[in-house]
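One-letter residues, chain by chain:
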Amino acid sequence: MNSDKSWLRDAIRSASAQARHEMERFLAEADFAQGLCELHPDKADQWRPLLDRATGIVRKAVEAGRTDALKDAVRDAEQVLAPLSAPAKTYTVHCVGHAHIDMNWMWPWPETVAVTNDTFTTVLRLMEEYPQFRFSQSQASVYAIVEEHNPSLLRRIARRVKQGRWEVTASHWVEGDKNMAAGESLCRHLLYTRHYMQRLFGLKPEDVNIDWSPDTFGHAATVPTYLVRGGIKYLYLHRPGVHSPKRPGAFWWQGLD
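Since we're looking at a predicted model, the values are computed, not measured. (Residues numbered from 1 in each chain as written. Predicted model: local features only at pLDDT ≥ 70, side-chain atom pairs only at ≥ 80, totals over all residues. Heavy atoms only, no water.)

(A) Broad picture of the nonpolar core. Leu8, Met23, Phe26, Val58, Val62 and Leu70 are the most contacted members of the largest nonpolar core, which has 27 residues in total. Looking at this core, the elements with two or more residues in it are helix H1 (6–13), helix H2 (17–39), helix H3 (41–64) and helix H4 (67–80). With sequence-adjacent residues up to four places away left out, Leu70 is seen in contact with Ala19, Glu22, Met23, Val58, Ala61 and Val62. Formed by 24 residues, the second largest nonpolar core is a distinct cluster that contains Ala99, Phe120, Phe135 and Tyr196. (Core = buried A, V, L, I, M, F, W, Y, C linked by side-chain atoms within 4.5 Å. Buried < 20%, exposed > 50% of the residue type's maximum accessible area, 1.4 Å probe, protein only. Helix = DSSP H or I, 4+ residues; strand = E, 2+ residues; numbered from the N terminus. Contact = heavy atoms within 4.5 Å.)

(B) Molecular detail of the layout of surface pockets. In this structure, the largest pocket spans a volume of roughly 510 Å³. Lining the largest pocket we find 20 residues, and of these Lys233, Tyr234, Leu235, Phe251 and Trp253 sit closest to its centre. Within the residue set of the lining of the largest pocket, elements represented by two or more residues are helix H10 (223–229) and strand S5 (234–237). Looking at which element gives the most residues to the lining of the largest pocket, the answer is H10, with five residues. Split into classes, the residues belonging to the lining of the largest pocket amount to 14 nonpolar, four polar and two charged. (1 Å grid on protein atoms, 1.4 Å probe; cavity = no way out; pocket = protein on both sides within 12 Å on 5 of 7 lines; lining within 4 Å. Points joined across faces, edges and corners; volume = space filled by probe spheres on them. Nonpolar A, V, L, I, M, F, W, Y, C, P; charged D, E, K, R; others polar.)

(C) Molecular detail of the side chain of Glu22. Looking at the secondary structure, you find Glu22 in helix H2. In this structure Glu22 touches Leu70, Lys71, Val74 and Arg75, once residues within four positions along its chain are discounted.

(D) Quick look at empty space enclosed by the protein. Summed over the entire model, instances satisfying the criterion amount to one cavity of 30 Å³ or more. In this structure, the largest cavity spans a volume of roughly 40 Å³.

(E) Spotlight on the pairing of S5. Examined bridge by bridge, strand S4 (residues 210–213) and S5 share four bridges and lie parallel to one another. When the sheet's bridge partners are listed, Ile210 is paired in S5 with Tyr234. Running through H10, the crossover from S4 to the neighbouring parallel element S5 is right-handed. (Pairing = 2+ DSSP bridges. Right-handed = clockwise from strand over helix to strand, strands pointing away.)

(F) Here's a closer look at the sheet that holds strand S3 (residues 166–168). With respect to topology, three strands assemble into an open sheet ordered S1-S2-S3, the strand pairing being parallel. In this open sheet, the two edge strands, each paired with only one partner strand, are strand S1 (97–98) and S3. Pairing geometry for strand S2 (residues 135–137) and S3, over three bridges, is parallel. Within the sheet, the bridge partner assigned to Phe135 lies in S3 and is Trp166.

(G) Layout of the environment of Ile57. With respect to the helices and strands, the residue Ile57 is situated in helix H3. For Ile57, a relative accessible area of 27% gives the class partly exposed. As for Ile57 and Thr112, which are separated by 55 residues in sequence, their C-alpha atoms are 43 Å apart. The contacts of Ile57, once residues within four sequence positions are left out, are Ala73, Asp76, Ala77 and Val80.

(H) Representation of helix H6 (residues 109–129) in the model. For H6, built from 21 residues, the straight-helix expectation of 30 Å at 1.5 Å per residue is met to within 8% by its first-to-last C-alpha distance of 31 Å. Among all positions of H6, only Thr112, Val113, Thr116, Phe120, Val123, Leu124 and Met127 are buried. End-on, the buried residues of H6 take up no more than an arc of 105°, which puts them together on one face. Away from its buried face, by an angle of more than 90 degrees, H6 presents the exposed residues Pro110, Glu128 and Glu129. Looking at the packing, one finds that the buried side of H6 touches S2, helix H7 (140–149), helix H8 (151–163) and S3. (Expected span 1.5 Å × (residues − 1). Arc of directions from axis to C-beta.)

(I) Inspection of a nonpolar patch on the surface at higher detail. Taken together, the side chains of Phe32, Leu39, Tyr91 and Val93 make up a nonpolar region of the molecular surface, amounting to roughly 370 Å² of accessible area. Relative to the elements of secondary structure, Leu39 occurs in helix H2. (Patch = residues over 30% accessible without salt bridge, like charges linked within 9 Å, V, L, I, M, F, W, Y side chains within 5 Å. Areas by Shrake-Rupley, 256 points an atom, 1.4 Å probe, with all protein chains shown as cover. Salt bridge = Lys/Arg side-chain N within 4 Å of Asp/Glu carboxyl O.)

(J) Geometry of unusual backbone geometry. A positive phi angle, close to 60°, is found at Gln139, a residue other than glycine. In this structure, Gln139 sits in the loop between S2 and H7.

(K) View of the environment of His243. Along the polypeptide, His243 turns up in the segment after S5. Measuring from C-alpha to C-alpha, the distance between His243 and His94 comes to 30 Å, with 149 residues separating the pair along the chain.

(L) Focus on the packing of H7 against helix H9 (residues 183–201). It is at 11 Å that the axes of H7 and H9 come closest, and there the two elements cross at 45°. The orientation of H7 with respect to H9, classified from their angle, is oblique. Our pair here, H7 against H9, has a crossing hand that is left-handed. Two secondary-structure elements touch here, H7 through Ala140, Tyr143, Ala144 and Glu147 and H9 through Thr193, Tyr196, Met197, Arg199, Leu200 and Phe201. (Axes fitted to C-alpha atoms, helices over the stretch in contact; angles between N-to-C directions. Parallel < 35°, antiparallel > 145°, perpendicular 65-115°, else oblique. Left-handed = near helix turned anticlockwise from the far one by under 90°.)

None of the figures reported here should be taken as evidence of function without further support.
Spelled out as structure tokens, the structure:
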């Protein structure tokens, strides 16, 4: 099976809004179908030709450059993939909303403040529109921004935190570097953030037992030691094994001590 869909991702970047919607819809379906093949190897030989056929239908429409025909092509492709519908529906996919907000990487501080305010305002609006919508947010620094510049917004966030719809994943002040920072600095990240979350939302250390570090480049071997002693049980990261042996999607990390 030709599982490479880079051509579709390239096409999405330059497509109109209408065409992009259709291509993103099919890309999500194709990725899910590919995952099903991996989960059900006994059915893979039966399903992969269907996925190839469906992908070919969409690719032909994309290469023809006809937006009006793309919608029909995607629906035709979905009909080809229909035999995968029943097994697909036996799975539950959890989509958790999160906003990754960098702290002043290549922009001024006022822009960081504006992005934080606009993001949180949008999230609260979505919660009003969709009662089942859940959201998680890390970094004590973004809450400090809201407390200083928009206290009324912070009060609305606190209500959602109490309801369990806004999950606080802030155990550190920022999602900072863990190679160059000193151990004392990292421990103070935990200490200051624990005190701050207690004051803002009444959250105890055990209420925030995760280190949310999706954008940290590199992870020192001493990380498990200070995290465990700071009441952390879980670590979320995006780059395990980039410069070392590849790691599985979920793994147990034990410190040197």
